[in-house]
Amino acid sequence: MPVVTYRDALNQALREEMDRDPNVFLMGEEVGVYQGAYKVSRGLLEAFNERRVIDTPIAELGFAGIGVGAAMVGLRPVIEFMTWNFALLAVDQVVNSAAKMLYMSGGQIPIPIVFRGPGGAALQLAAQHSQALESWYAHVPGLKVVAPATPYDAKGLLKAAIRDDNPVVFLEGEMLYNAKGEVPDGDYTVPIGVADVKREGSDVTLICHSKTVTVAERAAERLAAELDVSAEVVDLRSIRPLDTETIVTSVQKTNRCVVVEEGWPFCGVGAQVVDELQRRAFDSLDAPVLRVTSADVPMPYNKKLERAAKPNPDRVIAAVKQVAYLD
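Caption draft 1: Structural view of the overall build of the chain. Helix and strand counts for the chain stand at twelve helices and 14 strands. Here the C-alpha radius of gyration of the chain, 20 Å, is about what a compact globule of 327 residues would show, namely 20 Å. Over its C-alpha atoms, taken along the principal directions, the chain stretches across nearly 60 × 45 × 40 Å. Residues counted as buried form 55% of the 327 residues belonging to the chain. Sequence separation of at least 24 residues holds for 82% of the intrachain contacts in the chain that already meet a minimum separation of 6. Per element, the accessible surface of the chain, about 13,900 Å² overall, is 54% carbon and sulfur. In the chain, 33 side chains carry a positive charge and 43 a negative one; their mean positions are 2 Å apart.

Structural data, given as structure tokens:
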């Protein structure tokens, strides 16, 4: 299979879906002439013209609302936020309009819309531009929330999201755009709501998503080499719906679990995972489930403090030692 970057996988998905369905269009800040802040929309304006690749003013609430209205009348908009931090300005349209319209219309008005863009911390972008907000959106009934970690999953999940008749919040890890991986030629989708076991293991389950998949995989490699501990890495891929079956099956095999996420600890994605496990796999647990998250502070700008605030393999290994009683 060809090896491509995460950004090129997203570009392929957009191009293929716009070719396949004339109702699909892309709208957002600098998606056209500038070809995207992260070059995800490279070449799309030339291929599909300004009617389907629409540059907008810096007005997230406005163009998100236009997208919701377009979806209400049968189009399939893909709304790009330059960053999910800026999408906080559009949260009313995402939460109060897109998420609720199908329910409030008695099932008469589906909202086939994708809100996408980079999320989480990059490098020294400070507190207002470094937030992993997936737990916010996953809290809302009516929204699907996905966060792919690899180019293969990014392309397949974006294509599935565009074809879905429900609003999908699509979170792209800001540090993943240059990540490379195999992506098959031709059409394929990755189903929303299905986790993926990225690495088989027998001693502990590491549950992760988006950028923390790499953190968990690096920790798993070191655990095997340094401590002879076999870690299973489960990539959630989809936050809502959550693939509880895959999570529970893994923990029933390993009997121990550490959840790794980039968000803050309070009311985070990991808290939901822990709740599912204590209700569905309690008798299989040989230790409490531990969580490795970002620090419970606004993200520091200082490079050393920022590094200390993020999840890293050392913190994951320390948590594994606790649940395996190796300390």
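Caption draft 2: A look at the nonpolar core. Ranked by size, the top nonpolar core spans 44 residues in total, and within it Phe81, Phe115, Tyr137, Ile207 and Leu277 carry the most contacts. Take this core: its biggest share by element is five residues, from helix α3 (residues 60-72). Two domains each provide a minimum of three residues to this core, namely domain 1 (3-182) and domain 2 (196-323). Apart from the residues within four sequence positions on either side, Ile207 is in contact with Val234, Leu236, Ile247, Cys257, Val258, Val259, Val260, Val273 and Leu277. In this structure, Tyr6, Ala13, Val24 and Val190 belong to the second largest nonpolar core, which totals 32 residues.

Caption draft 3: The arrangement of the pattern of salt bridges in detail. Enumeration over the complete set of coordinates arrives at 26 salt bridges. The partner of Glu262 in a salt bridge is Lys211, and the shortest N-O contact between them spans 3.0 Å. Here the residue Glu262 occupies a position in the loop between β13 (257-260) and α10 (269-280), and Lys211 occupies one in the loop between β10 (204-208) and α8 (212-227), the gap between them amounting to 51 residues. Glu262 gets classed as buried once you look at its relative accessible area, which sits at 13%.

Quick notes on the rules
Residues numbered from 1 in each chain as written. Predicted model: local features only at pLDDT ≥ 70, side-chain atom pairs only at ≥ 80, totals over all residues. Heavy atoms only, no water. Helix = DSSP H or I, 4+ residues; strand = E, 2+ residues; numbered from the N terminus. Rg over C-alpha atoms; globule rule 2.2 N^0.38 Å. Buried < 20%, exposed > 50% of the residue type's maximum accessible area, 1.4 Å probe, protein only. Contact = heavy atoms within 4.5 Å. Areas by Shrake-Rupley, 256 points an atom, 1.4 Å probe, with all protein chains shown as cover. Lys, Arg positive; Asp, Glu negative; His and termini not counted. Charge placed at Lys NZ, Arg CZ, Asp CG, Glu CD. Core = buried A, V, L, I, M, F, W, Y, C linked by side-chain atoms within 4.5 Å. Domains from an automatic or database assignment. Salt bridge = Lys/Arg side-chain N within 4 Å of Asp/Glu carboxyl O.

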